[in-house]
Amino acid sequence: MLTIEGLTKRYGALVVLDNISLTIERGEIVSVIGPSGGGKTTLLRMIDLLEPADRGEMTLGDLVVDLKRPGKKTTLAVRRRIGFVFQQFNLFSHRTVKENILDALIYGHGYAKPEAEKRAAEVIAMVDLEDKTDAYPITLSGGQAQRAAIARAIAPSPDLLILDEPTSALDPELTGEVIAVIKALATQGMTMLLVTHHIGLARELADRVLVLDAGRFIEEGPVANVLEHPQTDRTRSFLERVRNLWR
Ligand SMILES: Nc1ncnc2c1ncn2[C@@H]1O[C@H](COP(=O)(O)OP(=O)(O)O)[C@@H](O)[C@H]1O
Ligand SMILES: [Mg+2]
């Protein structure tokens, strides 16, 4: 459902993504792990066309996208098919939980108000936030805020859900409630691209793991293989450093 070929991104002299290729099948959960600064967030931003790449082509379903010059129409079409969950939630602070979701559906996806209301109620129930429907983000715990952000991302029924370290801004005791929501989405067959330092989460959810290091995938395979039998020293040392996050 998603393929990327030859994705290269530089910031000045720094090659952040070096000729990356990636395929995700429908219903698959692919996890990208790797050291900080390796290019994970940049990769996700390129896929959602938040910034142009220097080179690369993407297909998303029947869309063929020049990642260097996607064009306005294609950019909108891609964004409509992708839900994005950020590390820092990125909720609009002056809008309630429900309004954050309604705005996305109505202004981002062209829903009529009654359908948007119905869908917002559905996804708020899915993330177990009924009692926070009319709450403003500042009054929410990190776990609640991230669940609201996930509700907003899945409300338009995206083909692909991208999550960028969805639990890493949370206090440890709040990660469980967010992980439970992500797991529920997984059992519903949502296609996901999950960047995480939480190796335990990747191990539990992902069909396939890729290790991104200095802009290249240095390792790739079924999650058990990569985690239990890493082939490179760099992967081994990364996994060692995040050992406290294996469970
Ligand atoms: N807008 C930017 N301008 C300049 N350098 C950037 C920018 N965004 C990211 N970088 C650099 O690109 C590299 C990869 O960053 P990032 O994709 O955030 O890595 P990760 O998410 O794996 O930690 C880092 O060296 C970072 O400093
Ligand atoms: Mg990052």
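As a convention, each chain's residues are numbered from 1 in the sequence order in which they are written. The naming scheme follows written order: chains are lettered A onward, ligands numbered 1 onward. Local features in a predicted model are, by the rule used here, given only for residues with pLDDT of at least 70; side-chain atom pairs are given and counted only at 80 or more, and totals for whole chains, interfaces and linings are based on all residues. Computation of side-chain values: all heavy atoms of the structure, hydrogens and water removed.

Glancing now at the overall build of the protein chain. Counting from the N terminus, the helices are the DSSP runs of H or I reaching at least four residues and the strands are the DSSP runs of E reaching at least two. Helix and strand counts for the protein chain come out as nine helices and 10 strands. Taken over C-alpha atoms, the radius of gyration comes to 18 Å for the protein chain, in line with the 18 Å a tight globule of 247 residues would show. In terms of principal-axis extent, the alpha carbons of the protein chain reach across some 50 × 45 × 30 Å. With 247 residues in all, the protein chain has 52% of them scored as buried. Every residue pair with non-hydrogen atoms within 4.5 Å of one another is taken to be in contact. Across the protein chain, the fraction of contacts at a sequence separation of at least 24, relative to all contacts at a separation of at least 6, is 66%. Positive charges are assigned to Lys and Arg, negative charges to Asp and Glu, while His and the chain termini are left out of the count. The atom standing in for a charge is NZ when the residue is Lys, CZ when it is Arg, CG when it is Asp and CD when it is Glu. The distance from the centre of the 30 positive side-chain charges to the centre of the 33 negative ones in the protein chain is 4 Å. Values of the radius of gyration come from C-alpha atoms, whereas the globule rule sets the reference at 2.2 Å times the count of residues to the power 0.38. Three exposure classes are used, based on accessible area relative to the maximum for each residue type with a 1.4 Å probe and protein chains only: buried under 20%, partly exposed in between, and exposed over 50%.

A few words now on unusual backbone geometry. With a phi close to 60 degrees, Asn19 is a non-glycine residue in the positive phi region. Inspection of the secondary structure puts Asn19 in strand β2 (residues 14–24). A positive phi angle, near 60 degrees, is found at Leu49, a position not held by glycine. As for its position among the elements, Leu49 is in the loop between α1 (40–47) and β4 (55–60). For Leu49, a relative accessible area of 7% translates into the label buried.

This next bit is on the nonpolar core. Among the nonpolar cores identified, the biggest contains 50 residues, and Ile33, Ile101, Ile150, Leu161 and Met192 are the most heavily contacted of them. With seven residues, helix α5 (residues 142–154) is the single largest residue contributor to this core. Beyond its immediate chain neighbours, meaning those up to four positions away, Ile150 contacts Val85, Val178, Val181, Ile182 and Leu185. Among the nonpolar cores identified, the runner-up in size contains 31 residues, and Leu17, Leu49, Ile162 and Val195 belong to it. Working definition of a nonpolar core: buried Ala, Val, Leu, Ile, Met, Phe, Trp, Tyr and Cys residues. They are joined through side-chain atoms within 4.5 Å.

This brings us to the environment of Thr75. With respect to the secondary-structure elements, Thr75 resides in helix α2 (residues 72–81). Thr75 sits in the buried class, given a relative accessible area of 14%. Considered as a pair, Thr75 and Leu50 are 25 residues apart in the sequence and their alpha carbons are 8.8 Å apart. Here Thr75 is in contact with Leu49 and Pro70, once residues within four sequence places are set aside.

Now for the site of ligand 1. One heavy atom within 4 Å of a molecule or strand makes the whole residue count as near it. Around ligand 1 lies a shell formed by Tyr11, Leu14, Val16, Pro35, Ser36, Gly37, Gly38, Gly39, Lys40, Thr41 and Thr42. Any pair of N or O atoms that falls within 3.5 Å is considered a polar contact. Within protein, one atom must be able to donate a hydrogen and the other to accept it, and sequence-neighbouring residues count only if both atoms are side-chain atoms. Here Gly37 contributes a backbone N or O atom positioned 2.7 Å from an oxygen atom of ligand 1. Take Lys40: an N or O atom from its side chain is 2.8 Å from an oxygen atom of ligand 1. Here ligand 1, which alone exposes 560 Å², has 59% of that area covered by the protein. To be clear on the numbers: accessible area is Shrake-Rupley with a 1.4 Å probe, and residue cover counts the displayed protein chains and nothing else.

Once that is clear, we can look at the sheet that holds strand β8 (residues 192–195). In this description, strands pair whenever DSSP reports at least two bridges between them. Spatially, the six strands line up as an open sheet ordered β6-β7-β8-β3-β9-β10, and their pairing is mixed. Since the sheet does not close on itself, it has two edges, and those belong to β6 (82–85) and β10 (216–222), each with one partner. The mean inter-strand angle of the sheet, taken between neighbouring strand axes irrespective of direction, is 15 degrees. Both strand β9 (residues 208–213) and β10 contribute to a ladder of six bridges, which runs antiparallel. Following the sheet pairing, Val211 is matched in β10 by Glu219. Contacting β3 (29–33), β6, β7 (160–164), β8, β9 and β10, α1 crosses the sheet at an angle of about 150 degrees to β7. Along the sheet face, helix α9 (residues 233–241) touches β3, β9 and β10 and points at about 75 degrees away from the line of β10. For helices, the axis comes from a line fit to the C-alpha atoms of the stretch in contact; other axes are also lines fit to C-alpha atoms, and the angle between any two N-to-C directions lies between 0 and 180 degrees.

The next thing to look at is helix α3 (residues 97–109). To estimate how far a helix should extend, the number of its residues minus one is multiplied by 1.5 Å. In a regular helix each residue adds 1.5 Å, so 13 residues correspond to 18 Å; α3 covers 17 Å between its end C-alpha atoms and thus fits that length. Where α3 is buried, its residues meet α4 (113–126) and α5. Note on α3: the residue one or two positions beyond its end, Gly110, has a positive phi of about 70 degrees.

With that settled, consider the packing of α5 against helix α6 (residues 175–187). Helix packing for two helices is described by the angle between their axes and how far apart those axes are. Two elements in contact, α5 and α6, have axes separated by 9 Å at closest approach and are oriented at 20 degrees. With respect to each other, α5 and α6 are oriented roughly parallel. Touching Gly143, Gln144, Gln146, Arg147, Ile150 and Ile154 of α5 are Glu177, Val178, Val181, Ile182 and Leu185, all from α6. Here the angle decides the label: under 35 degrees means roughly parallel, over 145 means roughly antiparallel, 65 to 115 means roughly perpendicular, and every other value means oblique.

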